[in-house]
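Chain and residue survey
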Amino acid sequence: MDLGYARVSTTHQDLERQLVALGEHGIPEERIYADKKTGATIDRPQFTELLRYARPGDTIVATNLDRLGRNLRECLNVIHDLTERGVGVKTLRDPLPIDTTDTSGMAEISVAMLALFAHMERVFMRERAAHAREVAAAQGKQPGRPRKLSPAQLAMARAALREDQPVEQVAEAFGVSRATLYRYLAEATDAQPSAGKPEGKKQR
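The following refers to the structure shown.

Basis of the calculations
Residues numbered from 1 in each chain as written. Predicted model: local features only at pLDDT ≥ 70, side-chain atom pairs only at ≥ 80, totals over all residues. Heavy atoms only, no water. Salt bridge = Lys/Arg side-chain N within 4 Å of Asp/Glu carboxyl O. Helix = DSSP H or I, 4+ residues; strand = E, 2+ residues; numbered from the N terminus. Buried < 20%, exposed > 50% of the residue type's maximum accessible area, 1.4 Å probe, protein only. Core = buried A, V, L, I, M, F, W, Y, C linked by side-chain atoms within 4.5 Å. Pairing = 2+ DSSP bridges. Right-handed = clockwise from strand over helix to strand, strands pointing away. Expected span 1.5 Å × (residues − 1).

1. Section: the pattern of salt bridges
Within the structure shown, the criterion is met by three salt bridges. Close ionic contact of Arg 44 with Glu 74 constitutes a salt bridge, the shortest N to O distance being 3.1 Å. Of the two residues, Arg 44 is situated in the loop between strand E2 (32–36) and helix H2 (45–53) and Glu 74 in helix H3 (residues 72–84); the sequence distance between them amounts to 30 residues. The same class applies to Arg 44 and to Glu 74, which are both buried. Close ionic contact of Arg 178 with Glu 168 constitutes a salt bridge, the shortest N to O distance being 2.6 Å. Taken together, the residues Arg 178 in helix H7 (residues 178–191) and Glu 168 in helix H6 (residues 167–173) connect sequence positions 10 residues apart. Judged by its relative accessible area of 35%, Arg 178 falls in the partly exposed class.

2. Concerning the nonpolar core
Residues Tyr 5, Leu 50, Ile 60 and Leu 68 are the most contacted members of the largest nonpolar core, which totals 19 residues. Secondary-structure elements contributing two or more residues to this core are strand E1 (2–8), H2, strand E3 (59–62) and H3. If one sorts the elements of this core by residue count, H3 sits on top with six residues. By size, the runner-up hydrophobic cluster in this structure holds 13 residues, among which are Leu 154, Leu 161, Phe 174 and Tyr 184.

3. Regarding the pairing of E3
Judged by which residues are buried, E3 turns out to be covered on both faces: Thr 59 and Val 61 on one side and Ile 60 and Ala 62 on the other are all buried. Here four bridges tie E3 to strand E4 (residues 88–91), and the two strands are oriented parallel to one another. The residue bridging Ala 62 from the neighbouring strand is Thr 91, located in E4. Of the crossover connections in this fold, the one passing from E3 over H3 to the parallel E4 is right-handed.

4. Description of H3
Owing to its 3.6 residues per turn, the α-helix brings residues three or four apart onto one side. Taking 1.5 Å of rise per residue, the 13 residues of H3 would be expected to cover 18 Å, and the 18 Å separating its terminal C-alpha atoms lies within 8% of that figure. For H3, the full list of buried residues reads Leu 72, Glu 74, Cys 75, Leu 76, Val 78, Ile 79 and Leu 82. Phi turns positive, to about 80 degrees, at Gly 86, one or two residues after H3.

And the structure:
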């Protein structure tokens, strides 16, 4: 059984394009799960429900691979975990489509290439971090030492996260750890008047 998943990262984005594509693929509305999350929120309740519901022999279908995770490494982990459970993964509109139910061998090639890209991404991130430490040391600064973020920097960080930039990259850009970034974002949120947050919901 095919199960659809759609996700957008801000309330200003529209799920309709993804929902239409999943519908055209033959997935009925009652089998489509959708999340619409904002800010630094990483919880995806509908995706969690989808993973809990999927059974061996089912296939999770998304328009693009990046709907399944916040970065390539996370997407590969999702594919690996689902494959181990006997659940397939298929994307509809990626330049390099994923279909782990394909027995021709192309699925293995696609996933292998994605794993290579993920490895390259990690290497480049380490190189950028090493360069940043060298520059900081040359300027007499303590590399890696957390510094307080200004309101403007917090706003920029929150905007980057809304665009699905990896948390590690955003934290690195502002010279703080991932935990420090989350702490400042949480403190800023607590300091604001409480307001209802939109929750993703299963499309019916």
